[in-house]
Amino acid sequence: MAHHLTILLGLLGIKAGELHGNLKQTDRLLALKRFRDQEIDVLIATDVAARGLDIKADGPRGWTRRNGACRGEIGMIKFVINYTLPSRYTRYVHRVGRTARAGHCGRSISLAAEKEFNMLKEIKKCSRSAMFERVLNKDVVTKYIAKVDRLRPAVKRVMAEEHQQKQMAAMEQSIKAMERRLALPEGGEEGEGGKPERTWFQTDNEIKQKTKARALKGKAKAAVEKAKRKMLAQRIAEDPEEKRIKGQVGAGQRSAKRGSKPKRLTHEDEFEAPTQNSASFLLPIPLTQKPEQSDASSSKNGSVSGPSYQERRDAFEQKNPGRKFNPRKKKK
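Under an unreviewed UniProt entry, the chain has the name Putative ATP-dependent RNA helicase DDX27 and belongs to Chionoecetes opilio.

A. Looking closely at the confidence of the model for the chain. When pLDDT is averaged across the chain, the result is 77; 75% of the residues are at 70 or more. Across residues 59-75, where pLDDT falls below 50, the model places 44 contacts with residues more than four positions away in sequence or in other chains.

B. Just the UniProt feature "signal peptide" (unreviewed entry) in the chain, in detail. Mapped onto this numbering, the UniProt entry annotates "signal peptide" (unreviewed entry) at residues 1-17. Its end C-alpha atoms 13 Å apart, residues 1-17 is made of 59% helix and 12% strand.

C. Representation of the side chain of Asn 82 in the model. Considering the arrangement of structural elements, one finds Asn 82 in strand β5 (residues 79-82). When near neighbours in sequence (up to four residues on either side) are disregarded, Asn 82 contacts Tyr 92, Arg 95, Val 96, Ile 109, Ser 110 and Leu 111.

D. Just the packing of aromatic side chains, in detail. According to the stated counting rule, one finds three aromatic pairs in the structure shown. Ring geometry for Phe 316 and Phe 325: centres 5.4 Å apart, planes at 55 degrees, overall tilted. What makes Phe 325 buried here is its relative accessible area of 16%. The rings of Tyr 309, Phe 316 and Phe 325 are connected pair by pair, giving a single aromatic cluster.

E. The pattern of salt bridges, seen in detail. Taken as a whole and judged by the stated rule, the model has seven salt bridges. With a shortest N-O distance of 4.0 Å, Arg 36 and Asp 37 are connected by a salt bridge. Measuring nitrogen to oxygen at the nearest pair gives 1.9 Å for the salt bridge that ties Lys 124 to Glu 133. According to the relative accessible area criterion, Lys 124 is partly exposed, its value standing at 40%. Linked by salt bridges that have partners in common, Lys 33, Arg 36 and Asp 37 make up one network.

F. Here's a closer look at the packing of helix α6 (residues 204-238) against helix α7 (residues 240-260). Viewed as axis vectors pointing N to C, α6 and α7 meet at an angle of 110 degrees, and their least axial separation amounts to 5 Å. In terms of orientation, α6 lies roughly perpendicular with respect to α7. Across from Arg 235, Ile 236 and Glu 238 in α6, the residues of α7 making contact are Pro 240, Glu 242, Lys 243 and Lys 246. The class makeup of the residues in the contact of α6 with α7 is two nonpolar, no polar and five charged.

G. Seen up close, a positive patch on the surface. Taken together, the side chains of Arg 254, Lys 257, Arg 258 and Lys 261 make up a positively charged region of the molecular surface. If you trace the backbone, Arg 254 turns up in helix α7.

H. Quick look at the pairing of β5. The side-chain alternation of β5 yields one buried face, formed by Val 80 and Asn 82, and one unburied face, formed by Phe 79 and Ile 81. Both β5 and strand β7 (residues 107-110) contribute to a ladder of four bridges, which runs parallel. Within β7, the position partnered with Asn 82 by the bridge is Ser 110.

I. Structural view of a nonpolar patch on the surface. Nonpolar side chains collect at one region of the surface, where Met 1, Phe 79, Ile 81, Tyr 83, Ile 109, Leu 111, Leu 136, Val 141 and Ile 145 lie side by side and expose about 890 Å² of accessible area between them. Among the secondary structure elements, those contributing two or more residues to the nonpolar patch are β5 and α5 (138-183). Looking at the element boundaries, Ile 81 is found in strand β5.

So, how was this worked out
Residues numbered from 1 in each chain as written. Predicted model: local features only at pLDDT ≥ 70, side-chain atom pairs only at ≥ 80, totals over all residues. Heavy atoms only, no water. pLDDT = per-residue confidence, 0-100. Contact = heavy atoms within 4.5 Å. UniProt positions renumbered as here; feature names shortened; annotations may be inferred. Helix = DSSP H or I, 4+ residues; strand = E, 2+ residues; numbered from the N terminus. Phe/Tyr/Trp six-rings, centres within 6.5 Å; stacked < 30°, edge-to-face > 60°. Buried < 20%, exposed > 50% of the residue type's maximum accessible area, 1.4 Å probe, protein only. Salt bridge = Lys/Arg side-chain N within 4 Å of Asp/Glu carboxyl O. Axes fitted to C-alpha atoms, helices over the stretch in contact; angles between N-to-C directions. Parallel < 35°, antiparallel > 145°, perpendicular 65-115°, else oblique. Nonpolar A, V, L, I, M, F, W, Y, C, P; charged D, E, K, R; others polar. Patch = residues over 30% accessible without salt bridge, like charges linked within 9 Å, V, L, I, M, F, W, Y side chains within 5 Å. Areas by Shrake-Rupley, 256 points an atom, 1.4 Å probe, with all protein chains shown as cover. Lys, Arg positive; Asp, Glu negative; His and termini not counted. Charge placed at Lys NZ, Arg CZ, Asp CG, Glu CD. Pairing = 2+ DSSP bridges.

What follows is the structure, encoded as structure tokens:
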């Protein structure tokens, strides 16, 4: 939109420049220099120029407040025009803050449509300076809309010419890159975009050599460790006393490891009643088991089990005479 407005103002006879994020840094600085030197009268900018700019010109661009009146003085921006209102009041403050700096006077003009009335109300509510509203005459607006419509084909033509110029510049750059490549001696290499290869980075051969050296270093270290273990085994085999000491040390380590493991709880262990601050607990005995049968039906590891196969078979035959006991058959 900033570029479109710049072209439109140029066709209307107004010297205008543009400042937005799609420009290179050199083009931005050039636009600011032209505006400061009064080569252009209007600078169309996005929020990229809303902060940190204090443009001091060399002509009567600004005003200062003296004795309650505004008088002309060199060095400041006179007007800031908001073509569209921002979405936040803080951005509005930063935009209009490009004028009236360091005690000087300045004015801001905002063009507001129906959709921007809510933001306009917030600006009026938060603003400390006096604000004046003006409704534009419909005849004047219609006149300029018709003029812009007549210039619309010319704007499209200018933008198409600029697009062609960009394509031509890209083709010329690629041709120059090809010429530089052809001018290189045989075996010479060139980096991306037709630029010479950067020599301060590692080449492929240097990376391969470094990786190979790292691998050889790891293999040498592993070989040294293996040789140390082999020498220790030979020394132990030759000296029986050292072998005996090593066996005792290993046995002590294994016994200490076994002793550190928690033991399994059995029904034969004597338990104390848990206190209020104790974290121990008792394992409940199954209800199907009688207390006097706990010793007979216990397994080897001390866990309590139910009645044996023979006991269940005898109980089934007594209850169901003449029927065959089948423990795998599910009850209906």
